[in-house]
Amino acid sequence: MLYKYFTEKLLGLQDVDIEKIEEIDNSIHINCRLKRKPHKCPCCGNLTDKVHDYREQHIKDIPAFGKHIFIHLYKRRYRCSCGKSFPENVDFLPRYHRMTNRLSLYIIDKLRNEVSFSSVAREVNLSVSSVIRVFDLVSYAPKKLPSAISIDEFKGNTNSEKYQCILTDPVNKVVLDILPKRYAHFLTEYFNHFDKSQRDKVQFFISDMWKPYSNISSVWFKNASQVVDKYHWIRQVIWAFEAVRKQEQKKFSKSHRRYFKQSRQLLLKRFDLLSDEQKQQVNVMLFTSPTLSTAHFYKEDFLKILDCKDRQSAKTAFSDWINSALDCGIAQFVKCANSMLNWLPGILNSFSSAITNGFTEGCNNKIKVLKRNAYGYRNFKRFRNRILHMFSHKMQKQAIA
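Residues numbered from 1 in each chain as written. Predicted model: local features only at pLDDT ≥ 70, side-chain atom pairs only at ≥ 80, totals over all residues. Heavy atoms only, no water.

*Asks:* Sorry, what's going on with the overall build of the protein chain here?
*Replies:* In terms of helices and strands, the protein chain carries 18 helices and 12 strands. The C-alpha atoms of the protein chain give 31 Å as radius of gyration, which overshoots the globular expectation for 401 residues (21 Å, by more than 25%). Within the protein chain, buried positions represent 45% of all 401 residues. Within the protein chain, residue pairs in contact and separated by at least 24 positions form 58% of the contacts whose partners lie at least 6 positions apart. Roughly 22000 Å² of accessible area belongs to the protein chain as shown, and the carbon and sulfur atoms make up 51% of that amount. Charge separation in the protein chain, taken as the distance between the mean sites of 67 positive and 39 negative side-chain charges, equals 4 Å. (Helix = DSSP H or I, 4+ residues; strand = E, 2+ residues; numbered from the N terminus. Rg over C-alpha atoms; globule rule 2.2 N^0.38 Å. Buried < 20%, exposed > 50% of the residue type's maximum accessible area, 1.4 Å probe, protein only. Contact = heavy atoms within 4.5 Å. Areas by Shrake-Rupley, 256 points an atom, 1.4 Å probe, with all protein chains shown as cover. Lys, Arg positive; Asp, Glu negative; His and termini not counted. Charge placed at Lys NZ, Arg CZ, Asp CG, Glu CD.)

Structure below.
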């Protein structure tokens, strides 16, 4: 009796009499039946304890001890005095189901990670379609708009669209929604569904340097400061310098080209952070190309702007750099200076706020892993729910806090 009690506790099956446990190959088979008790007739409401017959039901449960678990339940059917026969209630098994409640919850919990439906199906000994059918019960509605919104696109390749759009709350680290398209007309339709009172509460709108995002911010979030993410405007200068380096190294011999390519990190790193030996190496490389030396000077001069502590000092530094770069004679930096000029208000706002797109970019990397593990998604609704489900644990932690 003591053995049976601890077995029931170990398996987590309440009010169940376990009759036999067998181990067959890579599976464990549990033969059991529920404790007999009066049941309420669904037809007339009277209690009855009269058994009509028994039927054996095969149920799949969560894996344990590295083996698949099968429950063989000898299920009673009761008969009421009114003539109605009905099955007994099983707390751990919904009607017409062939898997336990905790197996369904186990599947949903496993899918919080960047795993594919196929890998979960192999683990729990179910078909892929069964795992998908369980997950399709999960659904997430759009959330209310927070005080700060971060928007970005990622390569989803779902529903014949190359890019999907992600909305996050960068302050509280929460994914708000996943949108099927990033086009201005679609974003307009989406944000139009929110009340004006909600949109007016948004104080910051963070995005990259894509014009439709800027237009959406201006039209729908008039009280918000549009912030251009630091990473995106800094890399404009890095790209310009890299373009000059590639252009110049084509003029060198094969050995020099290989040396310049292998030393690109020294050229990209801030000169003040290099060791004396590294500074000497950089000076030697810059001496071979006056154009590269000029580009390196503008790159270093630009990176000094990052040391500005406030918006006003950054505005002065940007003005001086843009005016100088427009007259430098290097096409790549002239183009870069024009981009900075066009996006200057949003760039300067990034000095007034510490909010960035860092959390959003991290989410994009996690989505990329999910998509690669699953070899892509065709159904956008399921793809959206998978992404929101992956990040839902953050919302749960917030609710607990």
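The rest of the description comes next.
*Asks:* What's the story with the side chain of Arg245 in this structure? I'm lost.
*Replies:* Topologically, Arg245 is positioned in helix H8 (residues 230-249). Overall, the relative accessible area of 3% leaves Arg245 in the buried class. In terms of polar contacts, Arg245 uses its side chain to reach the side chain of Glu242, at 2.7 Å. Here the side chain of Arg245 touches Gln249 through a polar contact of 2.7 Å, side chain to side chain. With sequence-adjacent residues up to four places away left out, Arg245 is seen in contact with Phe260, Lys261, Arg264, Leu267 and Leu292. (Polar contact = N/O pair within 3.5 Å; in protein donor to acceptor, adjacent residues only side chain to side chain.)

*Asks:* Hey, could you run me through the packing of aromatic side chains in this one?
*Replies:* Each aromatic ring pair is characterised by the separation of its centres together with the angle its planes make. Taken as a whole and assessed by the stated rule, the structure comprises 19 aromatic pairs. Between Trp233 and Phe351 the ring centres are 5.8 Å apart and the planes differ by 35°, which places this aromatic pair in the tilted class. Here Phe351 lies in helix H15 (residues 344-352) and Trp233 lies in helix H8, a separation of 118 residues in the sequence. Assessed through its relative accessible area of 0%, Trp233 is described here as buried. By relative accessible area, Phe351 is classed as buried at 11%. With a centroid separation of 5.4 Å and an interplanar angle of 80°, the aromatic rings of Phe297 and Tyr298 are classed as edge-to-face. (Phe/Tyr/Trp six-rings, centres within 6.5 Å; stacked < 30°, edge-to-face > 60°.)

*Asks:* What am I meant to see in helix H4 (residues 128-135) here?
*Replies:* Helical periodicity: at 3.6 residues per turn, an α-helix aligns residues three or four positions apart in one direction. Every buried residue belonging to H4 is among Ser130, Val131, Ile132, Val134 and Phe135, and all of these are buried. Considering only its buried residues, H4 is in contact with helix H2 (101-110), helix H3 (117-124) and helix H17 (380-390).

*Asks:* How should I be thinking about the nonpolar core in this particular structure?
*Replies:* As a rule of thumb, nonpolar side chains are buried together in soluble globular proteins. By size, the foremost hydrophobic cluster in this structure holds 39 residues, and its most contacted members are Trp233, Phe302, Phe318, Trp321, Phe333 and Met340. Contact partners of Trp233, with chain neighbours within four places excluded, come to Met209, Val228, Phe302, Leu306, Phe318, Met340, Ile347, Ser350 and Phe351. Core analysis: the second largest hydrophobic core is formed by 31 residues, Ile108, Ile132, Tyr140 and Met390 among them. (Core = buried A, V, L, I, M, F, W, Y, C linked by side-chain atoms within 4.5 Å.)

*Asks:* How should the pattern of salt bridges be read in this particular structure?
*Replies:* If charged atoms from side chains of opposite charge come close, those side chains can pair. Per the counting criterion, the structure on display carries 19 salt bridges. In this structure, the salt-bridge partner of Arg77 is Asp53, at a minimum N-O distance of 2.9 Å. One end of the pair, Arg77, is in strand E6 (residues 67-79); the other, Asp53, is in strand E5 (residues 51-64), and 24 residues separate them in sequence. (Salt bridge = Lys/Arg side-chain N within 4 Å of Asp/Glu carboxyl O.)

*Asks:* Which parts of the structure should I look at to understand the environment of Arg77?
*Replies:* Arg77 sits 143 residues away from Trp220 along the chain, and the two C-alpha atoms are 61 Å apart. Filtering out sequence-adjacent residues up to four positions away, Arg77 remains in contact with Lys50, Val51, His52, Asp53, Arg55, Ser85, Phe86 and Pro87.

*Asks:* What exactly am I supposed to notice about the sheet that holds strand E8 (residues 148-158) here?
*Replies:* Strand-to-strand pairing in sheets goes through backbone hydrogen bonds, with the strands running parallel or antiparallel. In space, the five strands of this open sheet follow the order E10-E9-E8-E11-E12, with mixed pairing throughout. Edge positions in the open sheet fall to strand E10 (174-179) and strand E12 (225-228), since each of these has one partner strand only. Ignoring which end each strand starts from, the neighbouring axes of this sheet average 25° apart. Bridge count between strand E11 (residues 204-207) and E12: four bridges; the pairing is parallel. For Ile206, the partnering residue across the bridge sits in E12 and is Val227. Packed on one face of the sheet, helix H7 (residues 211-220) meets E8, strand E9 (161-169), E11 and E12 and runs near 170° to E11. (Pairing = 2+ DSSP bridges. Axes fitted to C-alpha atoms, helices over the stretch in contact; angles between N-to-C directions.)

*Asks:* Before we go on, may I ask you to explain unusual backbone geometry in this structure?
*Replies:* For residues that are not glycine, phi is negative in most cases, and the peptide bond is trans in most cases. Unlike most non-glycine residues, Asp25 shows phi in positive territory, near 55°. Here Asp25 shows up in the loop between strand E1 (16-24) and strand E2 (27-34). The class of Asp25 is exposed, set by a relative accessible area of 73%.

*Asks:* Explain the packing of helix H5 (residues 184-191) against H7 to me, please; I cannot follow it from the model alone.
*Replies:* A packed helix pair is summarised by two numbers, namely the angle formed by the two axes and the spacing between the axes. Remark: H5 packs on H7, axes separated minimally by 10 Å, with the N-to-C direction vectors making an angle of 30°. Looking at the two axes, H5 sits roughly parallel to H7. For the element pair H5 and H7, the recorded crossing hand is right-handed. Residues Ala184, Leu187, Thr188 and Phe191 of H5 form the contact with H7, whose participating residues are Pro212, Tyr213, Ile216 and Trp220. Along the lines of polarity and charge, the residues of the contact of H5 with H7 split into seven nonpolar, one polar and no charged. (Parallel < 35°, antiparallel > 145°, perpendicular 65-115°, else oblique. Left-handed = near helix turned anticlockwise from the far one by under 90°. Nonpolar A, V, L, I, M, F, W, Y, C, P; charged D, E, K, R; others polar.)

*Asks:* How should I be thinking about the environment of Leu126 in this particular structure?
*Replies:* Inspection of the secondary structure assignment puts Leu126 in the loop between H3 and H4. Sequence separation of Leu126 and Phe221 is 95 residues, and the distance between their C-alpha atoms is 47 Å. Leave out the neighbours within four places in its chain, and Leu126 touches Lys60, Met99, Leu103, Ile107, Ala121 and Val131.

Everything listed is a geometric property; what it means functionally is a separate question.
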